[in-house]
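Chain and residue survey
For reference, the chains in residue letters:
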Amino acid sequence: MLVILGFAMIAVFMVLIMTKKLTPVLALIIVPTVFGLFAGAGLGIGDMVMDSMKSMTSTAALLMFAIIYFGLMIDVGLFDPLVKFILRKLGNDPAKVVLGTAILAAAVSLDGDGSTTFILTTAAMLPVYLRLKMSPVVLTCVAGLANGTMNILPWGGPTARAATALKIDVNDVFVPMIPSLVAGLVVVFAFAWLLGLQERNRLRATAPEIWGTPSSAEPFAAEEFDGGTSAGASGTGAYGTGRRKGGNPGGAAPAVGRPLGGAGVAVLERTETLVDEHDTAMADTALDPNRSTLRPKLFWFNLALTVAVMVVLVANVIPLPFVFMVGAAIALLVNFPKVKDQGAQLIAHAPSIVAVVSMVMAAAVLTGVLKGTGMVEAMSAWLVQIIPTSMGPFMAVITAVLSIPMTFFMSNDAFYFGVLPVLSETAAHYGVGAADMARASITGQPFHLQSPLVPAILLLVSLAKVDLGDHHKKVLWRTAVISLVMLGVGMLTGAIGIG
């Protein structure tokens, strides 16, 4: 009976979330409560939940103060010089533009919020793509690759969920996976460079009047530039109008280019116009160059503070929640010495904090009921009976492979709070530790972030005016490769073990 109730509870929980009948927070509270009472928990269900919640307070604190810290760094302009530097150095070589997009997306992904990453990356780079007649699908692809890979950061969500669900320290999950994260980023940048080369060749073949050929020697005029997307769709909105003969996107001053004879790649004579267009495009966005929260005189202080926070984090000498508590406190005190401004900053990031922290605390109901009623033990015992003994020691690897499709078709909440605890309990019978299972479970995140169930990816394709199907055609197989590379590196380094 416990096995049936356990799987039924997980199924109802996942269906309610995926069909959007309930928010994850409500589903995490209501569904386990109902099934827990059916399982005979009675009034003891309160103690089950409170015992589970005690182990989640550190994770909630980590998420809260990490969101405050990186949100503050974006507000004060820490990432603005990086955006401008990238745009200045890119020129208009498509290979460099695409690689720069990946670097920018990876850097901004440090805040752990996919929506913020995609807003900033699209706002900064889409004007460049439209100007150079590059495909915005390439932009969404590399931004998705970078953000998906960086999503295993402790404050990104999945790692915290895995640690919360299995009641282990988030440090024990993330730190051993750093080599896998680095390897994943290397693959992301390799894919970005190759996509950039493909764009360079495509533009030479489809727009020789603009990009020239290897034998071209005559300069071209930017007034003849057609600023639409590669698919021929008009690009309009905050980033200016595409497909407009006789001018540049957004009405920027025209720039004259010249093709490089050896490579057939046009280079703008005045690349600084890209930065000017960037500043115009940033108006009324999180990178608005005139926003009141900018603190340019404190840039080097904020950079040094962020580097120090990252060093302490990787060194793992102080608990992560306390690192971000202190970092956020110092950043707020120095950048906003007035109490009123400090309060305004906290309020500004409150929606993100409430959404994440409430989910973590509500998860205590599900994990508490699963453990307290004996459901998870009964379900794992049943799985042990049906899994061939020869496959038991490979449960971590099996979990990693399963995480790729399962997290695509279901939410992270459903997978980490509903499926992972059962798999982990089963793996324990074969000597596979909870930490190994948690690390294995996060390797599918690059693939998960492309799911239509993820609001951030819908925001990305909407901002770039890209069809989701076109995005999936270019991004899905690449994210699968990245996930498998991260799994392989995890196994080689011992982060993901075999029982």
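Keep in mind that what you see is a predicted model, and the values were worked out from it rather than measured.

Below, the discussion takes up the overall build of the chain. Helix and strand content of the chain: 24 helices and two strands. Buried positions account for 55% of the 499 residues belonging to the chain. Intrachain contacts of the chain at a sequence separation of at least 6 include 77% that bridge at least 24 residues. Total accessible area on the chain is roughly 19400 Å²; 69% of this is exposed by carbon and sulfur atoms.

Looking now at unusual backbone geometry. Located in the positive-phi region is Lys167, a residue other than glycine, with phi close to 55°. Within the fold, Lys167 resides in the loop between α9 (158-166) and α10 (170-174). Classification of Lys167 by relative accessible area gives partly exposed; the value is 39%. Phi at Lys465 takes a positive value of approximately 55°, unusual for a residue other than glycine. Within the secondary structure, Lys465 sits in the loop between α23 (455-463) and α24 (468-493). For Lys465, a relative accessible area of 38% puts it in the partly exposed group.

Scored by pLDDT, the chain has a mean of 77; 81% of the residues are at 70 or more. Per-element mean pLDDT across the chain ranges from 38 in strand β1 (residues 257-260) up to 94 in helix α8 (residues 136-150). Below a pLDDT of 50 lies the segment residues 214-278, which in the model reaches 139 contacts outside its immediate sequence neighbourhood of four places, other chains included. Per-residue pLDDT stays below 50 along residues 280-284; that stretch engages in nine contacts with residues further than four places along the chain or on separate chains.

Taking 1.5 Å per residue, 15 residues should reach 21 Å; α8 reaches 21 Å between its end C-alpha atoms and fits that length. By the criterion of burial, α8 is predominantly enclosed, with 15 of the 15 residues buried.

Turning next to the pattern of salt bridges. Using the criterion set out here, one finds four salt bridges in the structure. In this structure, the salt-bridge partner of Lys54 is Asp51, at a minimum N-O distance of 4.0 Å. Of the two residues, Lys54 and Asp51 are both situated in helix α3 (residues 45-54); the distance of three residues between them amounts to about one turn of the helix. According to the relative accessible area criterion, Asp51 is partly exposed, its value standing at 49%.

An α-helical segment advances 3.6 residues per turn. Residues three or four places apart therefore align on the same side. Between its terminal C-alpha atoms helix α4 (residues 57-76) stretches 29 Å, which fits the 28 Å expected from 20 residues at 1.5 Å a residue. Where α4 ends, the next residue or the one after it, Gly77, has phi of about 95°, a positive value.

Moving on, we come to the packing of α4 against helix α15 (residues 320-335). Put simply, α4 and α15 touch, their axes get as near as 8 Å, and they point 30° apart. Considering their axes alone, α4 and α15 lie roughly parallel with respect to each other. Considering the relative orientation of α4 and α15, their crossing is left-handed. Contact residues: Ser58, Ala61, Leu62, Phe65, Ala66, Ile68, Tyr69, Phe70, Leu72, Met73 and Val76 in α4; Leu320, Pro321, Phe324, Met325, Gly327, Ala328, Ala331, Leu332 and Asn335 in α15. Of the residues that constitute the contact of α4 with α15, the class distribution is 17 nonpolar, three polar and no charged.

This part is about a nonpolar patch on the surface. A contiguous nonpolar patch, built from Phe301, Val317, Ile318, Phe322, Met325, Val326, Ile330, Leu333 and Val334 and spanning about 720 Å² of accessible area, is present on the exposed surface. Counting residues per element, the nonpolar patch draws most heavily on α15, at six residues. Within the secondary structure, Ile318 sits in the loop between α14 (299-315) and α15.

This paragraph deals with the nonpolar core. Within the largest apolar cluster, 130 residues are counted, with the highest numbers of intra-cluster contacts made by Phe13, Tyr69, Tyr129 and Phe324. The element contributing the most residues to this core is α4, with 12 residues.

Now for the environment of Leu197. Relative to the helices and strands, Leu197 is located in helix α11 (residues 178-206). Put simply, Leu197 and Val98 are 99 residues apart on the chain and 8.9 Å apart in space, counted from C-alpha to C-alpha.

This part takes up the packing of aromatic side chains. Under the definition given, this model contains four aromatic pairs. Here the aromatic rings of Phe191 and Trp477 are separated by 5.5 Å at their centres, their planes lie at 80°, and the arrangement is edge-to-face. Placement of Phe191 in helix α11 and of Trp477 in helix α24 is noted, with a sequence separation of 286 residues between them. The buried category is assigned to Phe191, whose relative accessible area is 11%. Aromatic pair Phe299 and Trp300: ring centres 5.1 Å apart, planes at 75°, arrangement edge-to-face. On the basis of relative accessible area, Trp300 is assigned to the exposed category, the value being 64%.

To continue, consider the side chain of Asn171. Locating Asn171 in the fold gives a position in helix α10. Non-local contacts of Asn171, meaning those with residues more than four positions away in its chain, are made with Pro176, Asn316, Ile318, Pro319 and Leu320.

By the secondary structure assignment, Asn147 is in helix α8. Residues contacting Asn147, with those up to four places away along its chain left out, are Ser109, Gly114, Thr117, Phe118 and Leu449.

Rules used in this analysis
Residues numbered from 1 in each chain as written. Predicted model: local features only at pLDDT ≥ 70, side-chain atom pairs only at ≥ 80, totals over all residues. Heavy atoms only, no water. Helix = DSSP H or I, 4+ residues; strand = E, 2+ residues; numbered from the N terminus. Buried < 20%, exposed > 50% of the residue type's maximum accessible area, 1.4 Å probe, protein only. Contact = heavy atoms within 4.5 Å. Areas by Shrake-Rupley, 256 points an atom, 1.4 Å probe, with all protein chains shown as cover. pLDDT = per-residue confidence, 0-100. Expected span 1.5 Å × (residues − 1). Salt bridge = Lys/Arg side-chain N within 4 Å of Asp/Glu carboxyl O. Axes fitted to C-alpha atoms, helices over the stretch in contact; angles between N-to-C directions. Parallel < 35°, antiparallel > 145°, perpendicular 65-115°, else oblique. Left-handed = near helix turned anticlockwise from the far one by under 90°. Nonpolar A, V, L, I, M, F, W, Y, C, P; charged D, E, K, R; others polar. Patch = residues over 30% accessible without salt bridge, like charges linked within 9 Å, V, L, I, M, F, W, Y side chains within 5 Å. Core = buried A, V, L, I, M, F, W, Y, C linked by side-chain atoms within 4.5 Å. Phe/Tyr/Trp six-rings, centres within 6.5 Å; stacked < 30°, edge-to-face > 60°.

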